[in-house]
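For reference, the chains in residue letters:
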Amino acid sequence: MTDLLTIQGLTKAYPGVVANDDVSFAIAPGEIHALLGENGAGKSTLVKMIYGLVKPDAGAMHLHGQPFTPPEPRAARAAGVAMVFQHFSLFEALSVAENVGLGMESPPPMNQLSREIREVSHAYGLPLDPRRLVGDLSAGERQRVEIVRCLLQDPKLLIMDEPTSVLTPQEVEILFATLNKLKSEGTSILYISHKLEEIRALCDGATILRRGKVVGSCDPRQQSAAELAELMVGEALHVPDRAASEPGEVVLQVAGLTSEHVSTFGTRLQNVGFEVHAGEVLGIGGVAGNGQDELLSALSGETRGARETVRLRGDPVGHLGPNARRDRGMLSAPEERLGHAAAPDMSLTENGVLSGWQREKLTSGGFVRWGAARAFAEKIIEGFDVRTPGTHVAARALSGGNLQKFVIGREILQRPDVLVVNQPTWGVDAAAAAAIRQALLDLAAQGAAVIVISQDLDELMEVSDRFAALNAGHLSAPRPARGLTIEQIGLMLGGAHDMDVAHTEDAEQIKDMYQNPKSGEPRP
Amino acid sequence: MDLSSINWILLLASLMVAATPILLAGVGELVTERAGVLNLGVEGMMITGAICGFAIGVETNSAILGFVAAALAGAALSMLFGLLTQYLLSNQVATGLALTLFGLGLSALIGQGYIGIKGLEVAKIHIPLLSDIPVLGPILFRHDAMVYVSIFIVAGVWATLRYTRAGLILRAVGENHDAAHALGYKVVRIRLMAIAFGGACAGLGGAYLSLVRVPQWTEGMTAGAGWIALALVVFASWKPWRILIGAYLFGGLTVLQLNLQAAGMKVPVEYLAMSPYLVTILVLVIMSSGRGRAHLNAPAELGRSFHASS
C-alpha cells in the first residue's frame, strides 16, 4: 500500500534556531501516527509546514504520491489535510456554526450548516449545539467544535496538536473512540503529544523528535513508556521523590468562598472550603475554566472577600490584599508567567523586588536596595538552575521553563508558610518540570503547606498528599491521593460533561450522507 | 426665552442633515473597529475629505465628483495610517492622533485658496407624493441624496456584517487575529480594506459638511465632528443601526442647541456641546456595569497590533 503522506528531509530554520533539521517519515492510509517530542522539539513547526502555515527551507512532501507544497492553509484543506490546533483557533464571541463556517472553504448557508453540525457531531459522539457562543463552552466542547469543523471537510489526514491536554479522562476516552472510528473509515491521523501512555494506547506508529531532529521511530505498542521517554528526552528522567511525613497542624483554612464578581467568561466559585496542613501538598485538579484562576486570585488576595473566608493559622485574612498576605507568609505564583507572575519587560532583579521586597527586606525608607535585590535574584538563579546570562535580563527573554523556575524559586526562597501555585509546569519541558515538582515537595518537607492547582493529573498524582477536584466552581472534598484511580479522578472532575457516544448505525448513515454528496439528496 | 418661536418641523428636518456627517464617519469607523483597528484619525480624515471634496466640487462644478474625491482623499490618508500600523506595527492610538493633527494641517494648506469662495448648490430630492405629505414630508423626504446614501450605507454595513461571509471574516479578524491567521485568512489585507472603507466614509462625512451643510470652506470646520463619530461607535456598542439612532440623537442635540440660542435661552451652548460625550460615557458605564466586555460587544482585538510570528 502506498503511503498517504511522505516527508523527506524537511528543514526549517529560524534566526538562531533550527526548528526542523532533515525530518523524514511517512504516514500510511488509516494509520494513527504519533509525533512525539518535548516542548520545543519542533513538532508544531513541522505540522505547520504540512498545513501550509510555514514554508520549509528545504525538503519535499508527497501526498498520494504527488508533490505537496501547500502555499497556504486553504490549499492544504483543499488537498484533504485538516488540523485541530493546540491553542484553539476559535472565536469566543461568535457562535459554533459561525466558527465552523470560518474554517471551511465554501460553507453552505447557515441553516444547512447548523443542521450538518448537529448531525455529524451526534454521529461521532460529540454533540454540539450550533447556536451557542463558543465563549460559553467548556474546553472539551470547544475542541469538539474544532474536530467537527475538520470532519465536515471529509479530511484524508487529520492533524491533532496536543488534543488531550484540556480534557478529563472520560472526555479523552470519547475522543479516542472518535479517532478510532475515523481510522476504521480510512482517515489517517497525525497525533502530536508528549503523553506517552496515550500514544501507546492509540497509535500505530511513532516518530520521535528531539531538538528538531528525528531521533527514532518505533511501534509504540512494542515499547514501554520509559523507553519512549528516554528516546524523547535523551536521558533517563528523574522522578521526584518524597519523604513520607506526618501532616502537621492546620495552616490554612478556607470556608464558604464564593466569588462575587467574575469576568465575562470566568467561573464563579461556589462555597469552596478546605484545609491544608503544614508539610502537606494539596493537589487541586480540574479542566481549565472551572474556577482555577478565580481560586488562585482569592487565595493570593487579588480578589478580596469576607474576613472569615480565608484563615491563616486561625487569623482571618480574607479581606487582606496580596501584600498583607505575603507579609504574613502566604505566597502565590499564578499560571500566566508573562504578565501575571512576572512583568515581561522588566529585569529579573526588578521582578524579584516586585514580589520579595517585604519578606526579603529589599527596600528601606521607600528606596530600593539594589545590591540586596541583585543578590536575591542571583540566589534564585543559582538555587533553581535558571539558565540566563544574568540578573539584568528581561523576563520576556527567558524560555518558558526557565522563567517558570525563576517564578517558583522566587516564592520558595521567601520561606512561605503557605504557597499556592497554579499550573506550575504548564508548557515546561520534562526536565525543568521535574525540578519544579521536586522543589515543591522539598518545600512541603520543610513544613510549608503547598497548594498545587493543575490540569495535569499525572503531575498531581506525583506531588499531592491529598487531591480535590474543581468542577464548575465547586470543589470536591479532598481525598488521599495515594490509591486514587484515574476513573475515580475522572468522576471527581465531573466526568464527561453531558457527552455520549452515539449509535454506530446512525453514525454510518449520516457519515455516508455527507461523504457522497454526488450520490444525490440525503436519504430521509 | 420663547420656545414657541422654534419651528419644530424645520428643526426635525435639519436634524437629519446635521446628523449625516457623523453618521457617515461613524459607520466607517465602526467597520474599521470591527476589524480590530482603532483609528483615532477620523477628525483628520474628515477635514481632509472636506477640503478635497470642496476643492474638486468647486473646480468641476460637480458635487458628485466632489464626494468621490473626498472619499478617495479620506481613503488615501487612512492608507497612511494602515501602512504605519499594519506593516510597521506602530502604536494605533499615537498614530491615529498624529493622523488627526496631520489632516488638520494638510487641509489648511490645501484650503488656502478656497477660503471665502461660495460653495455649490446641491439639489434637494423631490419625491412625488412622499415629499408632499404634511409634516413627515419636509422632515423625511425633502433632503439631498447624500442623506439617503448614508442610510443606505448603514443598511449595507449591517447586512454585510450579519449575513455575508465577508462580514463574518471581518468580525473574526477583529475577534481573534491569531486564530484567523491560523485558518489562513489574510489579517493585514482584511484590516487594510476595513481601514480604507473607514477613511472613505470619513471623507464623505467631511465633504458633506463643506458641500451641503455649510456650504463653504473654513479652516477647522469639522470642529470635533470626528471625535463625536468616535464616541458614537462606542455609544452604538459597535452595532450599525444604533449608529443611526446615536447620530440622530447627537445631531438633534446640535440642532437644538442652535435653535435654543436663536430662541434666546440663557443656557451656555457649551453644555449642549459637551452632551454627546457625557451621554457616551453614561452609556458606557451603564452597559459595562457588572457584565463585562462581551455584552459591550467590543471587538476583542481592538487596537492590538498583529504580527504573523509562526
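None of the values given here were measured: they were computed from a predicted structure.

1. Describing the overall build of chain B
Phase 1 of the analysis: Per the secondary structure count, chain B includes 13 helices and zero strands.
Phase 2 of the analysis: In sequence order, the secondary structure elements of chain B are arranged as α-α-α-α-α-α-α-α-α-α-α-α-α.
Phase 3 of the analysis: Relative to its length of 310 residues, chain B is compact, with a C-alpha radius of gyration of 20 Å against a globular reference of 19 Å.
Phase 4 of the analysis: On the principal axes, the C-alpha backbone points of chain B span a range of 65 × 50 × 40 Å.
Phase 5 of the analysis: Across the 310 residues of chain B, 46% fall into the buried class.
Phase 6 of the analysis: Across chain B, contacts joining residues at least 24 apart in sequence account for 79% of those joining residues at least 6 apart.

2. Quick look at the interface of chain B and chain A
Phase 1 of the analysis: Taken residue by residue, the interface counts 15 residues in chain B and 19 residues in chain A.
Phase 2 of the analysis: Counting residues per element, the ones that place at least two in the side of chain B that touches chain A are helix H7 (165-175), helix H8 (177-182) and helix H13 (293-296) of chain B.
Phase 3 of the analysis: A per-element tally of the side of chain B that touches chain A places H7 of chain B first, with five residues.
Phase 4 of the analysis: Partitioning the side of chain B that touches chain A into residue classes produces eight nonpolar, four polar and three charged.

3. What about the sheet that holds strand E9 (residues 205-210) of chain A?
All names here are of chain A.
Phase 1 of the analysis: A sheet is described by the order of its strands in space; here six strands give the open sequence E6-E7-E8-E3-E9-E10, paired in mixed fashion. Whereas interior strands pair on both sides, the edge strands pair on one side only; in this sheet they are strand E6 (81-84) and strand E10 (213-218). The mean angle between the axes of side-by-side strands here comes to 20°, regardless of whether they run parallel or antiparallel.
Phase 2 of the analysis: Pairing geometry for strand E7 (residues 157-161) and strand E8 (residues 188-193), over five bridges, is parallel. Looking at the pairing, leucine 157 lines up with serine 188 of E8.
Phase 3 of the analysis: Across the sheet, helix H1 (residues 43-50) touches strand E3 (32-37), E6, E7, E8 and E9, and the angle it forms with E7 is around 150°.

4. With respect to helix H12 (residues 370-383) of chain A
Residues and elements named next belong to chain A.
Phase 1 of the analysis: In a regular helix each residue adds 1.5 Å, so 14 residues correspond to 20 Å; H12 covers 20 Å between its end C-alpha atoms and thus fits that length.
Phase 2 of the analysis: Taken together, the buried positions of H12 are occupied by Ala373, Phe376, Ala377, Ile380 and Ile381. Angular distribution of buried residues about the axis of H12 spans 135°; they occupy a single face of the element. For H12, the exposed residues set more than 90 degrees away from the buried face come down to Gly371 and Glu382.
Phase 3 of the analysis: After H12 finishes, the residue aspartate 385 shows a positive phi value of roughly 55°.

5. A closer look at helix H9 (residues 187-213) of chain B
All names here are of chain B.
Phase 1 of the analysis: Across its 27 residues, H9 extends 37 Å between first and last C-alpha, which sits within 8% of the 39 Å expected from 1.5 Å per residue.
Phase 2 of the analysis: Along H9, the largest kink reaches about 25° and is centred on alanine 207.
Phase 3 of the analysis: By the criterion of burial, H9 is predominantly enclosed, with 24 of the 27 residues buried.

6. Focus on the nonpolar core
Phase 1 of the analysis: Within the largest apolar cluster, 227 residues are counted, with the highest numbers of intra-cluster contacts made by Ile159 of chain A together with Leu232 of chain B.
Phase 2 of the analysis: Element by element, the count of residues in this core is highest for H9 of chain B, at 16 residues.
Phase 3 of the analysis: Each of domain 1 (31-58 + 69-237 + 499-519) and domain 2 (250-492) of chain A contributes no fewer than three residues to this core.
Phase 4 of the analysis: Beyond its immediate chain neighbours, meaning those up to four positions away, leucine 232 of chain B contacts Ile22, Gly26, Ile243, Gly246, Ala247 and Phe250 of chain B.

7. Points about unusual backbone geometry
It is generally the case that most residues other than glycine have a negative phi and that most peptide bonds are trans.
Residue and element names in this part refer to chain B.
Phase 1 of the analysis: With a phi close to 60°, asparagine 61 is a non-glycine residue in the positive phi region.
Phase 2 of the analysis: If you trace the backbone, asparagine 61 turns up in the loop between helix H2 (42-60) and helix H3 (63-87).
Phase 3 of the analysis: Not every positive phi belongs to a glycine, and serine 237 is a case in point at roughly 45°.
Phase 4 of the analysis: When you line up the elements, serine 237 lands in the loop between helix H10 (225-235) and helix H11 (240-262).

8. Considering the confidence of the model for chain A
Close reading of the predicted structure is inappropriate where its pLDDT is low.
All names here are of chain A.
Phase 1 of the analysis: Predicted confidence across chain A gives a mean pLDDT of 83, with 89% of residues reaching 70 or more.
Phase 2 of the analysis: Every residue in residues 496-504 is under pLDDT 50, and counting partners more than four places away or in other chains gives 17 contacts.
Phase 3 of the analysis: Note that pLDDT drops below 50 for residues 517-524; the model gives that stretch two contacts with residues more than four away or on any other chain.

9. Overview of the pairing of E6 of chain A
Look at any regular strand and the pattern is simple: side chains alternate between the two faces of the sheet.
All names here are of chain A.
Phase 1 of the analysis: Burial of E6 is two-sided: the residues Val81 and Met83 facing one way and the residues Ala82 and Val84 facing the other way are all buried.
Phase 2 of the analysis: One ladder, built from four bridges, connects E6 with E7; its direction is parallel. Note that in E7 the partner of valine 84 across the bridge is methionine 160.

10. Side note on the sheet that holds strand E2 (residues 17-27) of chain A
Whenever strands of a sheet pair, they do so through backbone hydrogen bonds, lying parallel or antiparallel.
Residues and elements named next belong to chain A.
Phase 1 of the analysis: Pairing is antiparallel in the open sheet, where four strands are placed in the order E2-E1-E4-E5. Both edges of this open sheet fall to E2 and strand E5 (66-67), since each of them pairs with a single strand only.
Phase 2 of the analysis: Where strand E4 (residues 58-63) and E5 come together, two bridges link them in antiparallel fashion. Paired with histidine 62 across the two strands is proline 67, which belongs to E5.

11. Topic: the pairing of E9 of chain A
Residues and elements named next belong to chain A.
Phase 1 of the analysis: Inspection of the sheet shows E3 paired to E9 by five bridges, in the parallel sense. Considered in E9, the bridge of histidine 33 is made with glycine 205.
Phase 2 of the analysis: Alignment of E9 against E10, held across five bridges, turns out to be antiparallel. Bridged to alanine 206 within E10 is cysteine 218.
Phase 3 of the analysis: Count of turn residues in the E9/E10 antiparallel hairpin: two residues, of which arginine 211 carries a positive phi of about 45°.

Each value, and the rule that gives it
Residue indices follow the written sequence of each chain, beginning from 1 at its first position. Note on labels: chains are lettered from A, ligands numbered from 1, in written order. Where local features are concerned, this predicted model is filtered to residues with pLDDT of at least 70; where side-chain atom pairs are given and counted, the filter is 80 or more; whole-chain, interface and lining totals use all residues. Each helix is a run of H or I in the DSSP string that is no shorter than four residues. Each strand is a run of E no shorter than two, and both are numbered from the N terminus. It is over C-alpha atoms that the radius of gyration is taken, and the globule rule equals 2.2 Å times the number of residues to the power 0.38. Every C-beta atom is placed from the backbone, and the number of other C-beta atoms within 10 Å of a residue's own sets its class: buried at 20 or more, exposed at 12 or fewer, partly exposed in between. Placing a C-beta atom from the backbone of each residue, one calls two residues in contact when those atoms lie within 7 Å. Note on residue classes: Ala, Val, Leu, Ile, Met, Phe, Trp, Tyr, Cys and Pro are nonpolar, Asp, Glu, Lys and Arg are charged, and everything else, Gly too, is polar. A pair of strands is considered paired only if DSSP assigns at least 2 bridges between the two. In this analysis an axis means a line fitted to C-alpha atoms, helices contributing only their contacting stretch, and an angle means the value between N-to-C directions, from 0 to 180 degrees. One less than the residue count of a helix, multiplied by 1.5 Å, gives the span that helix is expected to have. Directions drawn from the helix axis to the C-beta atoms are what define this arc. The term bend refers to the angle at a residue between two fitted axes, each drawn through seven residues, those ending there and those starting there. In this description, a nonpolar core means buried residues of the types Ala, Val, Leu, Ile, Met, Phe, Trp, Tyr and Cys, linked to one another by C-beta atoms lying within 7 Å. Residue ranges for the domains originate in an automatic or database domain assignment. Per residue, pLDDT captures the predictor's confidence, and it can take any value from 0 to 100.

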